[in-house]
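Residues per chain, in single letters:
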Amino acid sequence: MESQYSPKEFDEKWQKHWEDLELYKAQDDSSKPKFYSLVMFPYPSGDLHMGHMRVYTISDVISRQRRMLGYNVLNPMGWDAFGLPAENAAIKRKLHPEKWTKENIRFMRDEQLKKLGTSYDWQREVTTCDSNYYHWTQWLFLKFYEKGLAVRKEAPVNWCPDCQTVLANEQVEGGACWRHPETPVEQKQMSQWFLRITHYAEELLADLDTLKGWPERVRLMQQNWIGKSQGAELYFTVESKPNVQIKVFTTRPDTVFGVSYVVLAPENPLVKELVSDECKEAVAAYVEEAKRKTELDRMTTEKSKSGVFIGAHVVNPFNGDVVPIYVSDYVLMSYGTGAVMGVPAHDERDFAFARKFSLPITEVISADGKSVGEMAAPYLDDGILLNSGKFSGVDTTRAKTAITEWAEQNQAGKGRVQFRLRDWLISRQRYWGCPIPLVHCAKCGIKPVPETSLPVILPVEGVEFTGEGGSPLGRMPEWLNSTCPDCGGAARRETDTMDTFIDSSWYFLRYTDATNPAEAFSQAKVNYWMPVDQYVGGVEHAILHLLYSRFFTRALKDMGLVNCVEPFTNLLSQGMVTMYSPVSGRIEKMSKSRGNVVGTLDFFKRYGADAARLFTLFASPPEQELEWSEDGAVGQHRFLTRIWRLLVDLKAKGVIDRDLCRKPLASSNGNGNGAAALSAADKNLIKLVHKTIKAVSNDLSPERYVFNTAIARCMELVNGLYKYVQEVEPKEASPVLSFAVYNLLLLLAPMAPHITEELYHQLGLALSDKDSIHCSKWPDFDESLTVDDEIELVLQVNGKIVSKVPASRGLDRKAAEGLAMDDDKMKAKLTGQAVKKVIVVPDKLVNVVI
RNA sequence: GCCCUUGUGUCGGAACUGGUAUACGAGUCGCACUUAAAAUGCGAUGCCCGUAAGGGAUUGAGGGUUCGAAUCCCUCCAAGGGCACCA
């Protein structure tokens, strides 16, 4: 046995050993309870750095400990392999995206994730750009299409004139194309595919309450994103065209008597219909300008309002007022009805608009129902109505209901709920994505590709990447030209591919039956494993990926494909890893572009995988940010070295014994295993072991998941062992030391899997060559051995500490009080004082109030 | 602007339900080992006053509840994140 701890001698040996033993293979049927452990799968960008490793380490520790606790664990890994960077690399380096992606996957899997010592079941590896995966992505799309959840509709989208393609919202940075910061993105009206996530808005919102295992902040972010508003839709009849109504959505029906104008969004079709001849030119010009307006312009002109009168009026159904109709880009076509009523007195934006166009500001609510006269700013709070006909004098809350009711009775409107959530635009004019399985037939229109013809293969050979002019698929006639499944005539394939978020919205279902050639997943397997018991991932996916996955699961449940409603029972969203960036001079998220990355290969070589894992876990609790520091990592390497040296020494002395180590030494009170011979040092060490087992078990439990304190407890045990060895100087097989060392290794095994396995075998604790510490049972503890008989009683006067005295555990109140009154320092404080009250916290403190 | 999170020694961070603030690690200093250094082991180490014994203040700031507050409540300040003309 080497006297020097050098992980490079054995890290890879054990990784191979575990793989040969198929230690991490999940069983599809088992008498053990199942535990589905999931970590967000990576995009194969090519090179993981230590910052990326945090999430895999956390998830791996959880999986390993669950295995030791006796669960049948599914811990899979895969690749979110479609996406733009691959296509970019292809354009830049003339390397096919598939080749680039596959090479990256091999490197990341074999050289990075495996070398971290992760415990994945690689037989279930999933790669979203493989046709045996996207076959089922397409099949699911067809299911959504059948149910009317995938629809084609016109929508304004982000268009980059340089790339000649639609961009995802995520690819618009500061109003410009992410590839050309100098090119502003344009808004373009296009026919695109959407998934109707809004169909589930209400449920997605309501069921957030059932996700008790999710962080509060993630639930809140989703809640805000879905954005439910309670209000009313009110109808304003056009004065010159009594058969046309403008419907507006408002959350403030109580302010309807204060309406001084109505505004339409520039894209609202009513603009063209209602505009008067005199205004036609000005309105058309404004609408044109608004269309061209980029997000950049919008942001810079945020607060100032623009707009044009369209030469028509509407009648307020509540008071008969005739008010003008404007068109303005502060009204969005995609929210509500694309029209709003302007109430300057009680809305910030309407106030600004009214000022600019000199429109009347009619006060209809105030704190006490009395007019305040000239308004310098809009009054936004609740209050009492005035100038509101028969509703004057009513408070806002009741007025909202009353006015909505009146509208319903008089066909002037109705109550309505509005969501901020929009339907999910999934079309992408890109090559490297899952083809949408549809054809366009001149005769029959849009037709789905029959299930039996799936998958629609993404062509790999003969694809040219020029970097301009949209998707290369459109320039491949041999792929583009197909036949109509209905009439058999000529048809063109859909050239758009799907948003990559679709691929990741169901990968956790595929893991349950990853190699099934005939189905997306079998009912039996998916329902055995789902829902995911513990999901770990970055907070950057708090909304999109997690919301989409919830939507998918819900839709599939309604189709009878899965049984569960919510896919992820518990969610741990880990904080990002930061480091000082020489580029910006600040502490920022670790990333290549910021020049503050720590490479994995180099780190593993210098300190070993276990030190990397321990530092990542120790530096801060998982939900918080972690600042990478070389010093801290060295500290963990030192801790491992300390364990190594101690155990090498004990082995040389022959004190560790394979049989003794498994004997529980349950009782220190005289009747346990060899208890008669136990010294005070022995008893203390046994207690320390039990206390450590208790603390670490608690720290690794789902209620806590605080790995930093778990490691701290293990360090204390190691410190205790050093002290014990120094004191006792053991020379022969020791039951106490064998027991302590064995349990230390068990507790550290999930966090530092290599060194614990190596020492387990080196010390001869293994039951055979095929044995692994990772197959061991997680240790139990004896509650009675986790408490000390002797405690320190704290004595306080008025809550201030005056003295501390030793006392035996379990003292009653009287006795504790007696101890306090007997103490010299207490006496000094209390003489001549009237004692008002004595508070005794058993086994903790006595507080005398004077 | 709205919503959320976080503020504890020189640094990363502990303190489970209000009950000994600063566990564990890093750094620094000292001792041992060594010809020497590194490594390792042992010990000390939040701040102020004091040679010491001892005393005092202290968990971003201020206030409150309580016998007792890092922890609960209110106001404010700072940093980070999310949303942002959503009617």
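Check the entry above for the structure.
Given the structure is predicted, the values throughout are model-derived calculations rather than measurements.

(A) Structural context of the packing of aromatic side chains. Under the definition given, this model contains 43 aromatic pairs. Taking the centre distance of 5.8 Å and the plane angle of 65° together, the rings of Phe257 and Phe318 count as edge-to-face. Taken together, the residues span a long stretch of sequence, with Phe257 in the loop between strand E11 (245-250) and strand E12 (261-264) and Phe318 in the loop between strand E13 (308-315) and strand E14 (322-327) at a distance of 61 residues. Here Phe257 matches Phe318 in class, with each residue buried. An angle of 50° between the planes, with centres 6.4 Å apart, marks the rings of Trp506 and Phe521 as tilted. Of this pair, Trp506 sits in the loop between helix H14 (500-503) and helix H15 (507-510) while Phe521 is found in the loop between H15 and helix H16 (523-529), placing the two residues 15 residues apart along the sequence. For the pair formed by Trp506 and Phe521, the shared burial category is buried. Among the aromatic residues, those joined into a cluster by ring pairs are Phe144, Tyr200, Trp424, Phe501, Tyr548, Phe551 and Phe552.

(B) Layout of the protein's contact with RNA strand B. Around RNA strand B there are 55 residues in total, and Thr251, Lys305, Tyr335, Arg349 and Asn847 lie nearest to it. A share of 67% of the atoms of RNA strand B within 4 Å of the protein falls on sugar and phosphate groups. Asn708 places a polar side-chain atom, nitrogen or oxygen, 3.1 Å from a phosphate oxygen of RNA strand B. At the level of elements, helix H7 (216-226), E11, helix H20 (630-653), helix H22 (707-728), strand E31 (790-797), strand E32 (800-808), strand E33 (837-841) and strand E34 (845-849) are the ones that each hand at least two residues to the surface near RNA strand B. The element contributing the most residues to the surface near RNA strand B is H22, with nine residues. Tallied by class, residues from the surface near RNA strand B come to 21 nonpolar, 14 polar and 20 charged.

(C) Quick peek at the pattern of salt bridges. For the structure shown, the criterion picks out 49 salt bridges. Notably, a salt bridge pairs Lys34 with Asp533, separated by 2.9 Å at the nearest N-O pair. Taken as a pair, Lys34 in strand E1 (residues 34-39) and Asp533 in the loop between H16 and strand E26 (534-538) lie far apart in primary sequence, 499 residues in all. You'll find Lys34 and Asp533 in the same group, each marked buried. Here Asp121 makes a salt bridge to Arg124, at a shortest N to O gap of 3.1 Å. Residue classification places Arg124 among the buried positions, given a relative accessible area of 7%. What emerges from the salt-bridge pattern is a single network uniting Glu12, Glu19, Arg106, Arg109, Asp110, Glu111, Lys114, Lys115 and Glu125.

Parameters and conventions
Numbers given for residues are sequential positions, taken from 1 along each chain in its written order. Written order determines the labels here, with chains lettered from A and ligands numbered from 1. Reporting in this predicted model follows two pLDDT cut-offs: at least 70 for local features of residues, and 80 or more for side-chain atom pairs to be given and counted; totals over whole chains, interfaces and linings ignore these cut-offs and use all residues. By convention in this description, side-chain values take in all heavy atoms of the structure and omit both hydrogens and water. Aromatic pairs are defined between Phe, Tyr and Trp rings, using the six-membered ring for Trp, whenever the two ring centres lie within 6.5 Å; interplanar angles under 30 degrees are classed as stacked, those over 60 as edge-to-face, and all others as tilted. Per the convention used, a helix needs a DSSP run of H or I reaching at least four residues, while a strand needs a run of E reaching at least two, with both numbered from the N terminus. The rule is simple: take the accessible area with a 1.4 Å probe, protein chains only, and divide by the maximum for that residue type; under 20% is buried, over 50% is exposed, in between is partly exposed. The criterion for a residue being near a molecule or strand is simple. One of its heavy atoms has to lie within 4 Å of it. What qualifies as a polar contact is a pair of N or O atoms within 3.5 Å, subject to a donor-acceptor requirement within protein and to the restriction that residues adjacent in sequence count only when both atoms come from side chains. Classification convention: Asp, Glu, Lys, Arg as charged; Ala, Val, Leu, Ile, Met, Phe, Trp, Tyr, Cys, Pro as nonpolar; all other residues, Gly among them, as polar. Every case where a carboxyl oxygen of Asp or Glu lies within 4 Å of a side-chain nitrogen of Lys or Arg is listed as a salt bridge.

Limitation: the analysis is restricted to geometry and does not speak to function.
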